[in-house]
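Observations on the model geometry
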Amino acid sequence: MADPKNLLLLFEHPTEPIFMDKGKKVTVFDLPDNYLTDRYRPISSEVQSRIAEKVEQRVPVREISIPDLRIPMSLGRDEQFSLFVPKHRRIAARLIDIFMNLRSVDDLQSVAVYARDRLNPVLFNYALSVALLHRPDTQGLDLPSFAQTFPDRFVDSQVFRELREEAFVVQPGSRMPIVIPRDYTASDLEPEHRLWYFREDLGINLHHWHWHLVYPFEAADRSIVNKDRRGELFYYMHEQIIARYNMERFSNNLARVLPFNNLRDPIAEGYFPKMDSLVASRAWPPRFDNTRINDLNREQDQINVEVGDLERWRDRIYEAIHQGFVMDERGQQVALDEATGIDTLGNLLESSILSPNRTLYGDLHNFGHVFISYAHDTNNKHLESFGVMGDSSTAMRDPAFYKWHAYIDRIFQEHKSRLPAYTDTQLNYAGISITGLQVATNGGQPNVLNTFWQQSDMDLSRGFDFTPRGNVFARFTHLTHTPFTYTINVNNDGGAQRFGYMRIFIAPKNDERGQPMLMREQRLMMVELDKFVVALNPGPNTIRRRSTESSVTIPFERTFRNLDANRPAAGTAEELEFNFCGCGWPNHMLIPKGLPEGLRCDLFVMVSNYENDRIDQELVGRCSDAASYCGVRDRRYPDRQSMGYPFDRLPRTGADRLVNFLTPNMSIVDVSIRHDNTTTTRQA
């Protein structure tokens with residue numbers, strides 16, 4: 001039987017022929033001759049004998065009957081692949097279906113090896129990644145970081161010349177990291193560029209890519225898409241991105257992002273990515289200031305959609321929200337109720353194959369990405385592909401992403417605003433009260449959080465094709481913070497031990513004009529920091545929780561998939577958990593940058609009744625430590641309350657400010673986030 005780990009070698013050097021050596025332990029696949037492409041079949045013995053001199057391991061590939069690959073092969077190897085383009089989604093769904101239905105790892109290896117040199121490299125990476133995450137016989141595999149396989153999507157293209165020179169001239173043990181410039185996409189004449197560290201952060205863009213791997217739009221096997229509360233998670237994860245982005249804007253003296261409300265208005269902000277696609281051998285196209293979206297007619301991508309279609313879909317969705325139901329394809333009403341309405345709306349707005357009625361409500365979210373990404377060449381007159389908004393690994397680099405998702409979130413909030421406010425009974429936890437709250441760094445001033453810049457190295461060698469082997473490091477600058485600890489004092493007035501669900505959020509105290517925020521506004525900027533179960537003994541309890549334990553984030557090693565660092569023992573449940581956890585917000589971006597003088601915030605803590613909130617299920621080895629934004633693999637979302645509770649609805653009458661919203665099981669404390677404009681180097 002084939003070793004499943006050999007499948008991971010197929011991700012390395014994605015544009016090199018399959019017979020080239022791969023891996024730290026020099027490995028080659030022994031292919032049947034007819035698996036080679038036409039170019040290399042006549043010279044296979046010559047090429048393979050040249051490589052054979054340094055081979056340490058050979059992987060035999062069994063010849064089998066190959067499934068029909070005509071649909072996946074209809075996307076050219078040098079074309080750009082986008083999950084937002086319906087044609088590409090259908091192609092990807094077909095390839096996922098082929099990989100999922102193969103009977104064994106041996107068959108999967110044979111078909112994947114055959115397909116790799118014949119398919120678009122990014123399509124192949126995406127479909128194989130989804131299959132490996134969802135097949136029972138491959139779920140424990142380490143997916144390499146997408147940034148290591150396709151570094152061109154994350155790194156300034158000018159850096160590649162220096163990286164190639166370093167790899168070609170210098171032996172592996174002596175190579176030096178090449179520094180990626182801190183702000184290479186714009187100057188300080190562009191106010192939006194103050195947020196480069198958020199929009200262009202490798203970890204944040206990797207999170208977005210990996211989230212869409214775990215939650216694909218389409219697949220023939222509906223269970224791959226139809227996961228517990230998937231539509232609600234789409235809403236909440238993106239709502240949290242906008243809340244975090246707005247806090248970063250406050251950290252740079254900018255107002256909240258303006259939603260793209262009028263689709264006929266120009267997009268004021270341009271974006272020039274300054275990146276090259278190594279697959280397409282083209283520069284990612286820019287978008288100039290004040291570009292308008294226009295009707296799309298791109299025959300090659302089978303896109304013929306008008307701006308008016310977006311407006312009709314939007315109006316029908318608003319009508320459904322105001323009526324309190326959507327119509328499914330059989331003409332039946334599906335209620336947008338308190339329990340499942342947001343999930344239905346999320347599937348409809350995204351839209352995935354779970355949409356109750358794509359014919360009626362369309363494909364609003366995805367086509368918004370498509371329209372913006374093709375705004376520079378709507379009819380393919382200049383043979384230009386889509387811009388960064390067209391790819392889930394690059395979309396968050398573009399300021400337009402946040403305008404579009406602020407607009408999408410406004411539609412979700414229209415539904416949320418129609419739900420009844422939480423009552424005192426729904427919020428309170430009788431007999432439980434929070435008597436003290438403090439957050440502090442080790443030895444630091446209480447209720448002051450500190451951020452600064454850090455430089456870290458990342459090995460890009462897996463994605464460096466047709467160059468000498470060995471590590472090739474890029475050094476990038478990112479925001480980070482001093483780790484901190486929450487100390488929460490909770491009193492249990494009852495005579496027995498009880499369990500609570502601790503929920504921690506942070507939001508700015510004041511708006512962009514320096515005025516105290518009203519609760520109805522502040523709730524939309526509440527950023528979830530953590531959520532965890534606590535045991536409360538009778539009487540006073542002191543609970544301490546480290547920031548590194550957050551249910552929102554994954555540590556640096558998992559974000560960048562340094563798969564040899566801190567690895568649990570092979571074959572353990574902990575190793576399985578480690579392998580899956582590529583999905584999660586990067587821990588270095590847990591809190592916003594803040595201001596030199598301090599960004600004043602409200603830190604909010606609530607302990608709810610765990611007996612009401614709990615989901616009874618086994619979570620060991622299920623990658624549950626970043627569940628807030630990513631859910632739990634093959635399990636239900638581990639919280640019965642609505643995502644974002646208690647801030648997902650308008651406050652009750654009389655609770656016009658956060659302090660009036662509090663019940664005894666809640667507490668707030670003033671926190672200041674101070675930014676120190678210094679740079680440290682991360683120690684490995």
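Analysis parameters
- Residues numbered from 1 in each chain as written.
- Predicted model: local features only at pLDDT ≥ 70, side-chain atom pairs only at ≥ 80, totals over all residues.
- Heavy atoms only, no water.
- Domains from an automatic or database assignment.
- Contact = heavy atoms within 4.5 Å.
- Buried area = accessible area lost by both parts, 1.4 Å probe.
- Salt bridge = Lys/Arg side-chain N within 4 Å of Asp/Glu carboxyl O.
- Helix = DSSP H or I, 4+ residues; strand = E, 2+ residues; numbered from the N terminus.
- Axes fitted to C-alpha atoms, helices over the stretch in contact; angles between N-to-C directions.
- Parallel < 35°, antiparallel > 145°, perpendicular 65-115°, else oblique.
- Left-handed = near helix turned anticlockwise from the far one by under 90°.
- Phe/Tyr/Trp six-rings, centres within 6.5 Å; stacked < 30°, edge-to-face > 60°.
- Lys NZ or Arg CZ within 6 Å of the ring centre and 35° of its normal.
- Core = buried A, V, L, I, M, F, W, Y, C linked by side-chain atoms within 4.5 Å.
- Buried < 20%, exposed > 50% of the residue type's maximum accessible area, 1.4 Å probe, protein only.
- UniProt positions renumbered as here; feature names shortened; annotations may be inferred.
- 1 Å grid on protein atoms, 1.4 Å probe; cavity = no way out; pocket = protein on both sides within 12 Å on 5 of 7 lines; lining within 4 Å.
- Points joined across faces, edges and corners; volume = space filled by probe spheres on them.
- Nonpolar A, V, L, I, M, F, W, Y, C, P; charged D, E, K, R; others polar.
- Disulfide = S-S within 2.5 Å.

Here's the deal with the domain arrangement of the chain
Size of an interface, as often reported, equals the accessible area lost when the parts are brought together. Per the domain assignment, the segments making up the chain are domain 1 (4-141), domain 2 (191-417) and domain 3 (424-442 + 483-674). Its C-alpha centre places domain 1 at a distance of 30 Å from the equivalent point of domain 2. Tallying the contact residues gives 28 residues for domain 1 and 34 residues for domain 2. Summed over both sides, the interface between domain 1 and domain 2 buries roughly 2,600 Å², with carbon and sulfur atoms accounting for 65% of that surface. Summed over the three residues of domain 1 that lose the most area to domain 2, namely Gln80, Phe84 and Arg89, the buried surface amounts to 31% of that side. Our enumeration of links across domain 1 and domain 2 arrives at 2 salt bridges. The partner of Glu218 in a salt bridge is Arg89, with the nearest N and O atoms 3.2 Å apart.

Structural notes on the environment of Thr487
Tracing the sequence through the fold places Thr487 in strand E13 (residues 484-492). Measuring from C-alpha to C-alpha, the distance between Thr487 and Asp33 comes to 65 Å, with 454 residues separating the pair along the chain. Those residues in contact with Thr487 that sit more than four places away from it in its chain are Gly436, Leu437, Gln438, Thr542, Ile543 and Arg544.

Structural notes on the packing of helix H5 (residues 121-134) against helix H9 (residues 202-214)
Closest axis-to-axis distance for the H5/H9 pair is 9 Å, and the angle between their directions is 60 degrees. When the interaxial angle is binned, H5 and H9 end up oblique. The two elements H5 and H9 cross, and the hand of that crossing is right-handed. Contact residues: H5 offers Asn125, Tyr126, Ser129, Val130, Leu133 and His134, while H9 offers Trp209, His212, Leu213 and Val214.

Quick word on the packing of aromatic side chains
Under the defined criterion, the tally for this structure stands at 37 aromatic pairs. A centroid spacing of 5.3 Å and a plane angle of 85 degrees characterise the contact between Tyr501 and Tyr610, whose relative ring orientation is edge-to-face. Remark: Tyr610 occurs in helix H21 (residues 610-613) and Tyr501 occurs in strand E14 (residues 498-508); sequence separation between them is 109 residues. Each member of the aromatic cluster is reached from another via a ring pair, and the members are Phe198, Trp211, Tyr215, Phe234, Tyr235, Tyr236, Tyr245, Phe401, Tyr402, Phe412, Trp585 and Tyr629. Across from the ring centre of Phe217, 5.4 Å away, lies the NZ or CZ of Arg89, which sits over that ring. The lysine or arginine in question, Lys227, covers the ring of Tyr215, its NZ or CZ lying 5.2 Å from the ring centre.

Quick notes on the nonpolar core
Taken as a class, soluble globular proteins show a tendency for nonpolar side chains to be buried jointly. The biggest cluster of nonpolar side chains holds 169 residues, and the ones touching the most others in it are Phe99 and Ile293. Examining the composition of this core, we find that 10 residues originate from one element, H5, more than from any other. Every residue in contact with Ile293, bar those within four places of it in the chain, is listed here: Phe260, Leu263, Ile267, Val307, Leu310, Phe371, Ile372 and Ala375. Ranked by size, the runner-up nonpolar core spans 35 residues in total, among them Ala243, Met247, Ile434 and Val490.

Describing the UniProt feature "domain: Tyrosinase copper-binding" (unreviewed entry) in the chain
Under the UniProt annotation, the feature "domain: Tyrosinase copper-binding" (unreviewed entry) is placed at residues 398-409. End-to-end, the C-alpha atoms of residues 398-409 are 17 Å apart, and along that stretch the chain is 92% helix and 0% strand.

Overview of empty space enclosed by the protein
Taken as a whole, this structure holds 10 cavities of 30 Å³ or more when the rule is applied. Its volume calculated, the second largest cavity comes out at about 130 Å³. Taken together, 14 residues line the second largest cavity, and the ones lying closest to its centre are Trp196, Glu200, Leu202, Phe476 and Thr477. At the level of elements, helix H8 (196-199) and strand E12 (473-481) are the ones that each hand at least two residues to the lining of the second largest cavity. Of the residues forming the lining of the second largest cavity, the biggest block, 3 residues, is contributed by E12. Looking at the lining of the second largest cavity residue by residue, the classes come out as 8 nonpolar, 2 polar and 4 charged.

Digging into the layout of surface pockets
A water-sized probe, rolled over the atoms, reveals where empty space remains. In this structure, the second largest pocket occupies an estimated 640 Å³ of space. Forming the walls of the second largest pocket are 38 residues, and the residues nearest its centre are Arg229, Glu232, Glu338, Ala339 and Thr340. Elements that contribute at least two residues to the lining of the second largest pocket include exactly helix H11 (230-250), helix H13 (341-350), helix H17 (424-427), strand E19 (599-609) and H21. Here the lining of the second largest pocket is built from residues that sort into 11 nonpolar, 14 polar and 13 charged.

Here's the deal with the state of the cysteines
Applying the stated rule across the entire model yields 1 disulfide. Shown here is the disulfide that connects Cys583 with Cys630, its sulfur atoms set 2.1 Å apart. An S-S torsion of about -80 degrees defines the bridge between Cys583 and Cys630 as left-handed. Taken as a pair, Cys583 in the loop between helix H20 (573-580) and strand E18 (585-586) and Cys630 in helix H22 (residues 627-630) lie far apart in primary sequence, 47 residues in all. Cys583 gets classed as buried once you look at its relative accessible area, which sits at 2%. With relative accessibility at 5%, the residue Cys630 sits in the buried group.

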